[in-house]
Amino acid sequence: MTTQSNVSSGSHPGADGTEPAPGGTLFTEPVLVVNQKAKLIELTNEYKVMDQHGRDLGAVVEVGQGVFRKILRFVSSWDQFLTHRLEIRDTQGQPQLLLTRPAKIFKSRVLVARPDGSQVGEIVQQNMIGKINFAMNVDGRQVGAIKAENWRAWNFAIVDHEGTEIARITKTWEGLAKTLFTTADNYVLQIHRPLPEPLRSLVVATALTVDTALKQDSRGFG
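Being a predicted model, the structure only gives us computed values, none of them experimental.

What counts and what doesn't
- Each chain has its residues counted from 1, following the order in which its sequence is written.
- Two thresholds apply to this predicted model, a pLDDT of at least 70 for residue-level local features and 80 or more for giving and counting side-chain atom pairs, whereas whole-chain, interface and lining totals are computed over all residues.
- Side-chain metrics rest on all non-hydrogen atoms present in the structure, leaving aside hydrogens and water.
- Strands were regarded as paired on the criterion that DSSP finds at least two bridges between them.
- To qualify as a helix, a DSSP run of H or I must reach at least 4 residues; to qualify as a strand, a run of E must reach at least 2; elements of each kind are numbered from the N terminus.
- Only the stretch in contact is used when a helix axis is fitted, and all axes are lines through C-alpha atoms; the angle between N-to-C directions ranges over 0 to 180 degrees.
- Any two residues having at least one pair of non-hydrogen atoms within 4.5 Å are treated as being in contact.
- pLDDT runs from 0 to 100 and stands for how confident the predictor is about each residue.
- To form a nonpolar core, buried Ala, Val, Leu, Ile, Met, Phe, Trp, Tyr and Cys residues must be joined to one another through side-chain atoms within 4.5 Å.
- Exposure is judged per residue with a 1.4 Å probe applied to protein chains only, and the accessible area is read against the type maximum: over 50% gives exposed, under 20% gives buried, and values in between give partly exposed.
- Every case where a carboxyl oxygen of Asp or Glu lies within 4 Å of a side-chain nitrogen of Lys or Arg is listed as a salt bridge.

1. Here we look at the sheet that holds strand S11 (residues 165-170)
And step 1. Strand order in this closed barrel of 12 strands is S1-S2-S3-S4-S5-S6-S7-S8-S9-S10-S11-S12, and the pairing throughout is antiparallel. Pairwise comparison of adjacent strand axes, ignoring direction, gives a mean angle of 20° for this sheet.
And step 2. Pairing of strand S9 (residues 141-150) with strand S10 (residues 155-160), which is carried by six bridges, proceeds in the antiparallel orientation. Residue pairing for S10: Gly144 is matched across the bridge by Asp160.
And step 3. The sheet contacts of helix H2 (residues 199-208) involve strand S1 (31-35), strand S2 (46-50), strand S3 (56-63), strand S4 (84-90), strand S5 (95-101), strand S6 (109-113), strand S7 (119-125), strand S8 (133-138), S9, S10, S11 and strand S12 (186-191), and relative to S7 the element is tilted by about 50°.

2. Digging into the confidence of the model for the protein
And step 1. On average, residues of the protein carry a pLDDT of 76, and 67% of them reach 70 or more.
And step 2. Confidence drops under pLDDT 50 across residues 216-222; counting only partners more than four residues distant or on other chains, this segment forms 24 contacts.

3. Describing the nonpolar core
And step 1. With 41 residues, the main nonpolar core has Val112, Ile158, Ile169, Leu189, Val203 and Leu208 as its most contacted residues.
And step 2. No other element matches the seven residues that H2 contributes to this core.
And step 3. In this view, Ile158 contacts Met136, Ala145, Ile146, Thr164, Glu165, Ile166, Ala167, Ile169, Leu189 and Val203; residues no more than four positions away in its chain are not counted.

4. What to know about the pattern of salt bridges
And step 1. Inspection of every chain in the model, using the stated rule, returns seven salt bridges.
And step 2. In this structure, the salt-bridge partner of Asp51 is Arg55, at a minimum N-O distance of 2.8 Å.
And step 3. Given the relative accessible area of 1%, Asp51 is considered buried.
And step 4. Of the charged contacts, one joins Asp160 and Arg193 as a salt bridge, the two residues approaching to 3.4 Å between their closest N and O atoms. A residue pair is termed long-range when its members are at least 10 positions apart, and Asp160 in strand S10 and Arg193 in the loop between S12 and H2 qualify at 33 residues.
And step 5. Owing to a relative accessible area of 9%, Asp160 belongs among the buried residues under this scheme.

Structure below.
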């Protein structure tokens with residue numbers, strides 16, 4: 001097993017297909033906690049990412065918003081239909097993944113790339129009625145999926161191409177210290193086993209952007 005390092009400089013752990021050593025980064029921790037505490041007027045999405053003990057691992061930041069976009073977001077919910085760009089950053093503020101959700105009318109699609117612009121894959125909404133499902137695709141083939149079990153309660157199963165659950169997104173997890181986390185402000189990604197690239201990056205991208213990129217149409221002030 002080869003351990004990838006130098007994450008903060010922009011290199012990507014496991015980019016050559018090897019499994020990263022556990023612990024310490026956005027791409028090696030088995031549990032990621034995303035703090036989604038609402039701002040009074042949330043004009044730009046920015047979420048803090050921690051491990052299960054409350055240690056900082058990085059952040060998810062929306063980029064490329066001009067003044068008009070912020071005004072539009074404040075006065076209406078039309079912003080949900082426009083293109084959104086996000087960066088997943090490490091603790092030094094260095095981008096680790098770049099995500100683009102193109103403008104949409106009905107179904108969402110998220111393009112995932114590395115900081116150098118090379119493509120990792122995409123996350124594509126499969127249906128509009130019932131429990132929403134998303135496919136995780138790489139080079140035109142499906143490598144996994146995210147399946148909503150209860151859309152508003154934040155229960156999502158993430159499975160591989162064989163349908164085996166490899167991760168889960170929830171609002172609650174008994175392993176979290178209750179003094180550090182509350183279900184109102186956070187959601188949790190639990191990864192059940194080490195994952196090869198690019199599946200690991202797509203799982204992280206899916207979990208860390210599920211609120212902005214995938215649940216965007218349930219937001220807004222309009």
